[in-house]
Amino acid sequence: MTSNGIHESGISNPHDFASPITKEKYSSSDEDAVDVELNSQDDSDGESVAGGRFINTDDPFPIDPSAPLEERQLTIRALVVGCLLGAVIAASNVYLGLKTGWTFGASLFGSIFGFAILKPLSTTAPRWLGGGYFGPKENNVCQAAASAAGSLGLLFTSGFPAAYQLGLLGATPKDDIGRLFTFTICCAFFGLAFSIPLRKFYILKLKLVFPSGVAAAYTIRSLHVGKNAARDAKKKTKALILSFSFAITLRVVSEYAPGLLWDWHIFYALNRVGWNYIIAAESWGWIWEWTPAFIGAGMLTGINSSYSFLGGSFLAWAIIGPVIVHTGKAFGIPAATSIPGQMNYASMSLTDPINHPSPRYWLVWPGTLMLLCTSFTEVACNWKSVYAAVRTMVGALRGRFHRDRDSFEKTDVEEFVDPVPPEDQVPFWLWGGVLFASIIVTCAVMGVQYGQNVGITILAIIFAFLFSFIGCESAGRTNINPVTSIGNASQLIFGGIGKGRGYSIQRGELLNSLSGMLALGAAEQAADMIGDLKTSHLLRSSPKAIFYGQLTGAIVSIFMAAGIYVVFSTAYPCINDLSYTTCSFPTPDVQSWRAVSVAVSSSTLPIPPSSGYTAIGLGIAAVISVVAKHTVVPPKHHAWVPNFNAIGIGFIMNVCTYPLAMFFGSTIAFFWRRMFFNNYQMYCFAIAAGFIAGEGLGGIVNAVLTIAGVSGAVYGTTVGCPGGLYCG
């Protein structure tokens, strides 16, 4: 789950003491339970599985002697179904990303739902209509296509809305749809090409876990292998379908009675019965929301991230926020409800951001610096493996084109034992051709449509490649890919380049935004795709078949991500326009992206001094926390180390509904696992995945209803909403 591209759920590696060990359980058969991690920081007592055996996250699964030979892995049916499922996740991720900055990979959803669709088809349809044996390797191709099709949403929940808020592009995304598509093409294939040469280093040499990839592998295996596989698959599929249907129905129906079915304004109700001063809690965004997606997200991310997220929100919006308003460091405006004492602290007016900031603007800077400090301190603590990866890549390219190619390949074989037969490996001409074509297309698009010279574009691509190492390293060790922070780092670099070349402020902002999005897109794709290759490694699938599935899914992602963004922007113009005082989408990543873009391009820093000092203090605290985790705190106690990434998001987000929902979901999962373990291992992942995808698709339906003029804002009730104003 990519803030910052966070993809949570997977397997812990008991041999990797650089990352904490946490686990849940799946069962591939009644006799063989395997531990599956939900969050790399939640537990520490999970090195072995039932029966005292260590979990395997490194070596391919044993071959099932009873399984038929899987002659077809890459099939049209797997590609079509995978792309359709990925399209659902793409829509969900744009919705979820605009809400909270958190996105989720399509691996588990594609694995289970792909099985639910293709397994019955394989046994009932004739071969020419999609029938025939359906095995775990083809399921892997379907899952990989879904994963690729569901990616790239973060471009439209961070960089592009920020660019529109700054007036750097056209009037509306609808007017710029062609440019959105072409820029997305630039980002869609770099990560795919980068993941192939990185596979040997991260999967075969370092043996990083890539938790989401391992979780998908064990999930697929549990659906196909074991004497009770068919029975368990039906139960998981039923749970996924029911939770998906419930979430989409609740999201659409609640739009017509939001104060009753969706948002519970508890402090407003207490104010109505005479507790006058409690309206301040309503003003600061403390509202309960029945959001299936973020309850499900909490079930997947675990208590460390969820509790840190809520802790960051409480620190920002219950302690620091009221203090800076009381001391005159930040200022609110009267709320539109006209309720005595109710204020709006979420405005982003930039009329005088240094001397008269809103609390939301003031808190953006500490939150952003915490994200940057946490992400890059994690990388710094693992600098040796990042350096080794770069060195290996350079050596591989030199060996391929140099005269001593044979001697290099001999050393390479000794160092990396690749179990994949040569005919199933992705040849250099294929991934190299994709990379070369992407470079040519990117230079053309950036030059023709955005006026950026070829030299700067090539430099941006080089940095995108280097930042892909960071994304893969982080995702492989912690299951968190800090892609927004990676994009922000690229913004800082190219902001300096723009200043050095004497660019105007607006051109400098456009340069650093576009370059940052190239890095973000490459890091997001590379980490997602190498996670799929980890799945294929365990399942003994063909990397070549997986690569073709990813290529097909990437084409779908280009049109889905940009198209869904246009739909949401048309239905909710506040996403791209700062003049709105309220908005259904808090867009935390957009606020962070815009803040960095402005800061690195302006002649003076537009940061209130008190906010800057607080940001430095909390940034230092984040660095100390990460360093202590890697050097002082034993791995078994990592669950108690605060997650400053989540804390930073809590600062940037101006509503507290989502951290409360994730806290609720993770707490339910925590006790569910301990009290009803067998039931938990059967249903938890399926229910959570259904909740996330269902609400995201329901958000799309609501956007379409809004555009059509038949939404809840027109025909719904305001019962339960503060001041009788519609609160959907």
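Residues numbered from 1 in each chain as written. Predicted model: local features only at pLDDT ≥ 70, side-chain atom pairs only at ≥ 80, totals over all residues. Heavy atoms only, no water.

*Asks:* Is there a simple way to think about the packing of helix α24 (residues 657-675) against helix α25 (residues 677-708) in this case?
*Replies:* Packed helices, taken two at a time, are described by the angle their axes make and the gap between the axes. Their axes nearest at 7 Å, the elements α24 and α25 cross at an angle of 145°. In this structure, α24 uses Ala669, Trp672, Arg673 and Met675 to contact α25, whose residues at the interface are Phe677, Asn679, Tyr680, Tyr683, Cys684 and Ile687. Partitioned by chemical class, the residues of the contact of α24 with α25 number 8 nonpolar, 1 polar and 1 charged. (Axes fitted to C-alpha atoms, helices over the stretch in contact; angles between N-to-C directions. Helix = DSSP H or I, 4+ residues; strand = E, 2+ residues; numbered from the N terminus. Contact = heavy atoms within 4.5 Å. Nonpolar A, V, L, I, M, F, W, Y, C, P; charged D, E, K, R; others polar.)

*Asks:* Would you mind going over a nonpolar patch on the surface with me for this structure?
*Replies:* On the surface, Val454, Ile458, Leu459, Ile462 and Leu466 cluster together to form a nonpolar patch covering roughly 370 Å² of accessible area. Here isoleucine 462 shows up in helix α17 (residues 454-478). (Patch = residues over 30% accessible without salt bridge, like charges linked within 9 Å, V, L, I, M, F, W, Y side chains within 5 Å. Areas by Shrake-Rupley, 256 points an atom, 1.4 Å probe, with all protein chains shown as cover. Salt bridge = Lys/Arg side-chain N within 4 Å of Asp/Glu carboxyl O.)

*Asks:* Can you walk me through helix α7 (residues 211-224) in this structure?
*Replies:* Side chains that are three or four residues apart share a direction in an α-helix, a result of its 3.6 residues per turn. Counted at 1.5 Å a residue, the expected span for α7 with its 14 residues is 20 Å, and the 20 Å between its end C-alpha atoms agrees. Looking at the residues trailing α7, positive phi occurs at glycine 226, about 115°. (Expected span 1.5 Å × (residues − 1).)

*Asks:* Explanation requested: the side chain of glutamine 525 in the structure shown.
*Replies:* Of note, glutamine 525 is situated in helix α19 (residues 505-539). A relative accessible area of 0% places glutamine 525 in the buried class. Excluding residues that lie within four positions of it along the chain, glutamine 525 makes contacts with Ser151, Leu152, Cys187, Ala188, Gly191, Leu192 and Ala554. (Buried < 20%, exposed > 50% of the residue type's maximum accessible area, 1.4 Å probe, protein only.)

*Asks:* Explanation requested: the state of the cysteines in the structure shown.
*Replies:* A covalent bond bridging the sulfur atoms of two cysteines is what the word disulfide describes. Inspection of the entire model under this criterion finds 2 disulfides. A disulfide bridge connects cysteine 574 with cysteine 583, and the sulfur atoms are separated by 2.0 Å. Linking cysteine 574 and cysteine 583, the disulfide has an S-S dihedral of approximately 60° and is accordingly described as right-handed. Judged by its relative accessible area of 12%, cysteine 574 is buried. Residue cysteine 721 pairs covalently with cysteine 727 via a disulfide, S to S 2.0 Å. (Disulfide = S-S within 2.5 Å.)

*Asks:* Sorry, what's going on with the pattern of salt bridges here?
*Replies:* Between side chains of opposite charge, pairing is possible as soon as their charged atoms come close. Across all of its chains, the model carries 4 salt bridges by this definition. Salt-bridge contacts for arginine 77 lead to glutamate 138; the nearest nitrogen and oxygen are separated by 2.5 Å. Placement of the pair is arginine 77 in helix α1 (residues 76-100) and glutamate 138 in helix α3 (residues 136-149), with a sequence separation of 61 residues.

*Asks:* Whenever I open this one, the packing of helix α13 (residues 359-381) against helix α18 (residues 483-500) confuses me. Can you help?
*Replies:* Interhelical geometry of α13 versus α18 gives an angle of 100° and a closest axis separation of 9 Å. The orientation of α13 with respect to α18, classified from their angle, is roughly perpendicular. Contacts between α13 and α18 involve Leu371, Leu372, Ser375 and Phe376 on the former and, on the latter, Ser485, Ile486, Asn488 and Ala489. In the contact of α13 with α18, the residues fall into 5 nonpolar, 3 polar and no charged. (Parallel < 35°, antiparallel > 145°, perpendicular 65-115°, else oblique.)

*Asks:* Can you help me understand the side chain of glutamate 255 in this one?
*Replies:* For glutamate 255, the location among the structural elements is in the loop between α8 (229-253) and α9 (258-261). Given the relative accessible area of 7%, glutamate 255 is considered buried. The contacts of glutamate 255, once residues within four sequence positions are left out, are Tyr572, Asn702, Gly712 and Tyr726.

*Asks:* I tried to follow the environment of proline 482 on my own but got confused; where do I start?
*Replies:* Tracing the sequence through the fold places proline 482 in the loop between α17 and α18. Judged by relative accessible area, which is 4%, proline 482 ranks as buried.

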